[in-house]
Each structure stands twice: as C-alpha cells, then as structure tokens.
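Read off the chains here:
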Amino acid sequence: MTRTKIDACIPVDLSDDDIYEAMKDIPGYLDITLSDFKEVYLRAYRHATDRLLKSLKAEHIMTRDVVAVEEDTPLAEVAKVMAQRRISGVPVIAREGRVVGVISEKDFLLAMGGPGTTTFMEVAHKCLGGGQCLVVPSDATRAADIMSTPAVTVTESWPVTEISELMARKGINRVPVLGPDGTMTGIISRGDIVGSSLVPETP
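Scoring rules and cut-offs
- Within each chain, residue numbers correspond to sequence positions counted from 1 in written order.
- Local features in this predicted model are restricted to residues whose pLDDT is 70 or higher, and side-chain atom pairs enter the listing and the counts only when it is 80 or higher, whereas totals over whole chains, interfaces and linings include all residues.
- The side-chain values count all of the structure's non-hydrogen atoms but skip hydrogen atoms and water molecules.
- Secondary structure elements follow DSSP: runs of H or I no shorter than four residues count as helices, runs of E no shorter than two count as strands, and numbering proceeds from the N terminus.
- Only protein chains enter the accessibility calculation, which uses a 1.4 Å probe. A residue is then buried if its area is under 20% of the maximum for its type, exposed if over 50%, and partly exposed in between.
- Strand pairing is assigned whenever DSSP detects at least two bridges linking the two strands.
- Every residue pair with non-hydrogen atoms within 4.5 Å of one another is taken to be in contact.
- Axis lines are fitted to C-alpha atoms, over the contacting stretch for helices. Their N-to-C directions set the angle, which ranges from 0 to 180 degrees.
- Residues belong to one nonpolar core when they are buried, are Ala, Val, Leu, Ile, Met, Phe, Trp, Tyr or Cys, and are joined through side-chain atoms within 4.5 Å.

Topic: unusual backbone geometry
The general pattern is negative phi for most residues beyond glycine and trans for most peptide bonds.
Thought 1: Omega for the bond connecting T149 with P150 falls within 30 degrees of zero, at 0°, which places this linkage in the cis form.
Thought 2: A positive phi angle, close to 55°, is found at R86, a residue other than glycine.
Thought 3: Summarising the element assignment, R86 is placed in the loop between helix 4 (75-85) and strand 3 (89-93).
Thought 4: Given a relative accessible area of 79%, R86 falls into the exposed group.

Re the sheet that holds strand 2 (residues 69-70)
Thought 1: Spatial strand order, 2-3-4: three strands in an open sheet with mixed pairing. This sheet does not close on itself; its edge strands, each paired only once, are strand 2 and strand 4 (99-104).
Thought 2: Inspection of the sheet shows strand 2 paired to strand 3 by two bridges, in the parallel sense. Paired with E70 across the two strands is I93, which belongs to strand 3.
Thought 3: Each of strand 2, strand 3 and strand 4 touches helix 4; the most contacted strand, strand 4, lies at about 65° to it.

What to know about the nonpolar core
Thought 1: Counting residues in each nonpolar core, the largest one holds 17 residues, and the members touching the most others are V78, V90, V92, I103, F108 and I146.
Thought 2: Of all the secondary structure elements, the ones that give two or more residues to this core are helix 4, strand 3, strand 4, helix 5 (105-113) and helix 7 (143-146).
Thought 3: When residues of this core are assigned to their parent elements, the largest contribution, four residues, is made by helix 4.
Thought 4: Non-local contacts of F108, meaning those with residues more than four positions away in its chain, are made with L75, V78, A79, M82, I103 and I146.
Thought 5: Of all hydrophobic cores here, the second largest spans 13 residues; its members include L166, V175, I188 and I193.

Structural notes on the pairing of strand 6 (residues 174-178)
Along a regular strand, successive side chains alternate from one face of the sheet to the other.
Thought 1: The buried fraction of strand 6 amounts to five of the five residues, a majority that puts the element mostly inside the structure.
Thought 2: On strand 6, burial covers both faces: R174, P176 and L178 on one face and V175 and V177 on the other are all buried.
Thought 3: In terms of strand pairing, strand 5 (residues 154-155) meets strand 6 through two bridges, oriented parallel. Along strand 6, the bridge assignment pairs T155 with L178.
Thought 4: Judged from the five bridges that link them, strand 6 and strand 7 (residues 184-189) form a sheet pairing that is antiparallel. When the sheet's bridge partners are listed, P176 is paired in strand 7 with I187.

See below:
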C-alpha cells in the first residue's frame, strides 16, 4: 500500500506577502481579503488533518513482528525476553493463538512490591528498607500468574484516534491487534501512535 506523510500538509507560517503574491498568480479578480484567505487556509488544513487521521487504521501503524509469550512461559523467561528486546510489555497468548492477557512492567512491580506499587523505586525501598527482598510470590511462576486479564484488544480496522482514546481511558500503553479470525496480527504502543506520520494514500 502506498503511503504519504501527514505532515506533508502542515501549514507554514504564511506572511501577508506570501498570500498577496499567491493571489497575484491567480488570473482574474479575487474578492477576498488577506485575513479571509488565511482563515480559509487554516480551517481547510484542520479539516484535512482530521480526515487523514480518521482514515489511519490500526493495520497501518501496528508492529507486525510481535514479541509474545504463552500462559505457561516461566516468569524468569518473560523478564529475560522483555529485557533483551527492550520492551515494557508483552501479550500473553493461549496455544491456539488467542490473546488471553498482557504482562507489563507494572504487573511485575505489583507482584514484587504488592498492591499499590507503581514504581521501581517503591520496590527498591521495600526491599532495602525491610531487610528482605521478595522477588515474586512463591506461587507466581508462570506468565498466567501475574498477567493483566482480560486483555484490551482492537481489530485491524480500528481508527488510530479511537485507539488513542481507548489507551487513555484504560490507562494502558499497548494493545494487541486482532485479525478477522481473532488471532493476533500485531500490536500498537503509545510510541507507535505518537510517531505515526503515515496514512494510506487516497486512490
């Protein structure tokens, strides 16, 4: 699919001279003031940007090479994968490929520091201050034991603007993307949305 950058239509800092010279290039008489011209231009830009953003779907910006773990993956292996790939979360899938949960750094923090723990420094304080550092509860050994479930997911056709709103409402940083058969085809992070500058080119 051919793509074009959204920022191709970002408005420049138009001066009155720029507008005046542009109007001179158009044959005939234009019954419009410089300020009216600028107002029309800026409004058209906002409408164009809104239209382009609404046409941007999950399938256009999602990461297709998804790092995932299974329900029975040992937590030590989950942590290793996240550290090696420098990612802050991974989907958890059942053997048939269905997404059943997500594990993030926050889930590890909660498991290590207990309810209410949200930062690494809180874990460090509890470990150093208490004289005993419990890495994870003894009964938590698999991905399924600490994952957040049910997983919040979207489909490939979801507009990116709606995905952004969903993340903000749920307080999450990533969502698995599901294909027509319900299996995961990609994942979208906040970084993907912030950095997205590509939209499908209109045929």
